[in-house]
Amino acid sequence: MEYLIGIQGPDFVLVAADNVAASSIIQMKHDYDKMFKLSEKILLLCVGEAGDTVQFAEYIQKNVQLYKMRNGYELSPAAAANFTRKNLADYLRSRTPYHVNLLLAGYDEADGPGLYYMDYLSALAKAPFAAHGYGLNRRFILNLPSFNVRLIDREGIHDLEKLTLGAK
Amino acid sequence: MPSQDSMEPTFSLPIGLPLSSSHSVPLPFPMSHGTTTLAFIFQGGVLAAADTRSSCSGLVACPAAQKILPIHSHLVGTTSGTSADCALWKRILARELRLYQLRHGRRLSTGGAAKLLSHMLQPFKGTELCVAATLCGWDGGEMDDNQMTDVENSASLNLEKAKTQCLSTAVGGQQCFGRERSGPSLYYVCSDGTRLKGTLFSVGSGSPYAYSVLDQGVQWGLTVQEAVSIAREAVFRATYRDAYSGNCVDLYHITSKGWTRRNREDLKEEYYREKERQSGDSQRIMVKDFKGKAFRRMGGEFTAHSLALCRKVQSKSLQLGVKGVDCQSTSRY
């Protein structure tokens, strides 16, 4: 089970994601980072089907960076979220849908902090707190020993101390 | 397509949406790749090991298959999944890497090769294609000093020009040539799209058993001998328990000078050596004198032999008048 969580504060957004990259019943990596940096103040957290997550998240990441190169300024978090949702929706209605669940967290100069929840059916909701767990009941429940935690505020993205639950 | 999760929508989703796994037929057990392959990084480079049993619906199709395929002088890939798919895609990858090397004048890094393989396999996601490979290589930086040919010489001059151009037009987020780190590197690539960078991977039906040995013993500071023996032990343990792994073990060692292959070793020998050790351990005879101290211990090959020896010792001691001699055969057979 993979896990993402985001909490929006008055002037920051706090996000955490687990560190497990699993293949069936085996944990292949204990220190896998599920957060993708879209720009200086936007993070995309992505879980779901094995190859789709990285493929889709990197596609969005490169496109957001391309926008900055072309236009000289960055996409706002709201615009990036809507762009992501549109892509997800377009692919959903094609022969190759992406099965990914996303959280997009960002800080905008004008609007302040924002947390956007998106799921694989391309639903989009701006929420004060949100979480994703991969919860099909056929899945084995895997222990999640550690979480990456990051904070986004006016100054940008800060890495906080990793959460390690239980004995290492 | 009906599904069992209550959260699923009622309209049918397109066939290309694999919700829980990429196989349309349920598997009898989670690991479908009938093999044991492993690779890890240590101070002496990268070590890759694999068994050599190729199985096909419950019988051994080939006891001497080759599951570690060299791709180029500094890159080796272990294969797991469908043998034919793996062999084909390794060849395609080798071709693409060679083309890249000719066009750009340098070898593509292991991470780049993994990305290339992952992208080439992506259109086949959701089909029966099954390739799970670990790419083990040594990234040597831009130029390989030992093997410069004329083609590469001229290509490398172009590279220098391109590098300066690239640096002058650098914009935030753009990556330039010189950022590769040189050294050992290890990537796991799977046909379901997974691409992971790591220091220790084991793939296949025997991988849980191999992981148990590797997680215990692999550290950065191993010598080459120690690493080889750990890898061999891990494959042996996996073949001991897993029906789909067996026969021999192949070991490849990749350093800055390229890959070297050790002779293929038959694990049957290892199995019999261990059996002998076990039988030797369990047949010890303890002979104590009347004060209760053991003064002789003997190992013996056969239970019957050791028992006979026991009786002989006892009778002899009676003859000599030594009292309180206790002779036990602790054989567990």
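In this text, all values refer to a predicted model and were calculated from it rather than measured experimentally. (Residues numbered from 1 in each chain as written. Chains lettered and ligands numbered in written order. Predicted model: local features only at pLDDT ≥ 70, side-chain atom pairs only at ≥ 80, totals over all residues. Heavy atoms only, no water.)

Moving on, we come to the packing of helix α4 (residues 207-217) of chain B against helix α5 (residues 224-241) of chain B. Packed helices, taken two at a time, are described by the angle between their axes plus the distance between the axes. Residues and elements named next belong to chain B. At a minimum axis distance of 7 Å, the contact between α4 and α5 shows a crossing angle of 150°. By the angle between their directions, the pair α4 and α5 is classed as roughly antiparallel. In this structure, α4 crosses over α5, and the sense of that crossing is right-handed. Residues Tyr-209, Ala-210, Val-213, Leu-214 and Gly-217 of α4 touch α5, and the partners they reach there are Ile-230, Glu-233, Ala-234, Arg-237, Ala-238 and Arg-241. Of the residues contributing to the contact of α4 with α5, the split by class is 7 nonpolar, 1 polar and 3 charged. (Axes fitted to C-alpha atoms, helices over the stretch in contact; angles between N-to-C directions. Helix = DSSP H or I, 4+ residues; strand = E, 2+ residues; numbered from the N terminus. Parallel < 35°, antiparallel > 145°, perpendicular 65-115°, else oblique. Left-handed = near helix turned anticlockwise from the far one by under 90°. Contact = heavy atoms within 4.5 Å. Nonpolar A, V, L, I, M, F, W, Y, C, P; charged D, E, K, R; others polar.)

Assignment of secondary structure puts Tyr-32 of chain A in the loop between β4 (26-29) and β5 (35-39). The sequence separation of Tyr-32 of chain A and Ala-17 of chain A amounts to 15 residues, and the corresponding C-alpha distance is 9.5 Å. Setting aside residues no more than four positions away along its own chain, Tyr-32 of chain A makes contact with Asp-18, Asn-19, Val-20, Ala-21, Val-54 and Asn-148 of chain A together with Leu-196 of chain B.

A separate point is the side chain of Thr-78 of chain B. The topology assignment puts Thr-78 of chain B in strand β6 (residues 75-78). Setting aside chain neighbours within four positions, we find Thr-78 of chain B in contact with Thr-37, Leu-38, Ala-48, Lys-67, Ile-68, Lys-90, Ala-132, Ala-133 and Thr-134 of chain B.

Let us look at α4 of chain B. When α4 of chain B is considered as a whole, its buried residues turn out to be Ser-207, Ala-210, Tyr-211, Val-213, Leu-214 and Gly-217 of chain B. For α4 of chain B, the secondary structure elements touched by its buried residues are β4 of chain A together with β1 (37-42), β10 (200-203) and α5 of chain B. (Buried < 20%, exposed > 50% of the residue type's maximum accessible area, 1.4 Å probe, protein only.)

All names here are of chain B. Spatially, 5 strands are ordered β5-β6-β7-β8-β9 in an open sheet, and the strand pairing comes out antiparallel. The sheet is open, and its two edges are formed by β5 (68-72) and β9 (195-198), each paired on a single side. Along the sheet, successive strands turn relative to each other by an average axial angle of 25°, direction set aside. Relative to β9, strand β8 (residues 183-190) runs antiparallel, the two sharing 4 bridges. Residue pairing across strands places Leu-186 opposite Gly-198, the latter belonging to β9. Against the sheet, helix α1 (residues 83-104) touches β5, β6 and β7 (132-139), its axis set at about 15° to β5. Along the sheet, helix α2 (residues 110-121) makes contact with β6, β7, β8 and β9, crossing β8 at roughly 10°. (Pairing = 2+ DSSP bridges.)

Let us look at helix α2 (residues 77-92) of chain A. Residue and element names in this part refer to chain A. Over its 16 residues, α2 runs 22 Å from end to end, which matches the ideal 22 Å to within 8%, given 1.5 Å per residue. Among the residues of α2, Pro-77, Ala-80, Ala-81, Thr-84, Asn-87, Leu-88, Ala-89 and Leu-92 are the ones counted as buried. Where α2 is buried, its residues contact β6 (42-48), α1 (50-71), β7 (100-108), β8 (112-118) and β9 (124-126). (Expected span 1.5 Å × (residues − 1).)

So, on to the confidence of the model for chain A. Across chain A, the average pLDDT comes to 88, with 91% of residues at or above 70. Below a pLDDT of 50 lies the segment residues 135-141 of chain A, which in the model reaches 10 contacts outside its immediate sequence neighbourhood of four places, other chains included. (pLDDT = per-residue confidence, 0-100.)

Residue and element names in this part refer to chain B. Within β8, 7 of the 8 residues are buried, which leaves it mostly tucked inside the rest of the structure. Note that β7 and β8 share 8 bridges and pair antiparallel. What sits directly across from Ala-133, in β8, is Val-189. Between the end of β8 and the start of β9, which pair antiparallel, lie 4 residues, with Gly-193 showing a positive phi angle near 110°.

All told, the structure shown has 22 salt bridges over all chains when counted by the stated rule. Ionic pairing is found between Lys-37 of chain A and Glu-40 of chain A, a salt bridge with its closest N-O pair at 3.6 Å. A relative accessible area of 41% places Lys-37 of chain A in the partly exposed class. The exposure class of Glu-40 of chain A is partly exposed, given its relative accessible area of 47%. Close ionic contact of Lys-268 of chain B with Asp-266 of chain B constitutes a salt bridge, the shortest N to O distance being 4.0 Å. A residue is classified by how much of its surface remains accessible, and Lys-268 of chain B, at 45% relative accessible area, is partly exposed. (Salt bridge = Lys/Arg side-chain N within 4 Å of Asp/Glu carboxyl O.)

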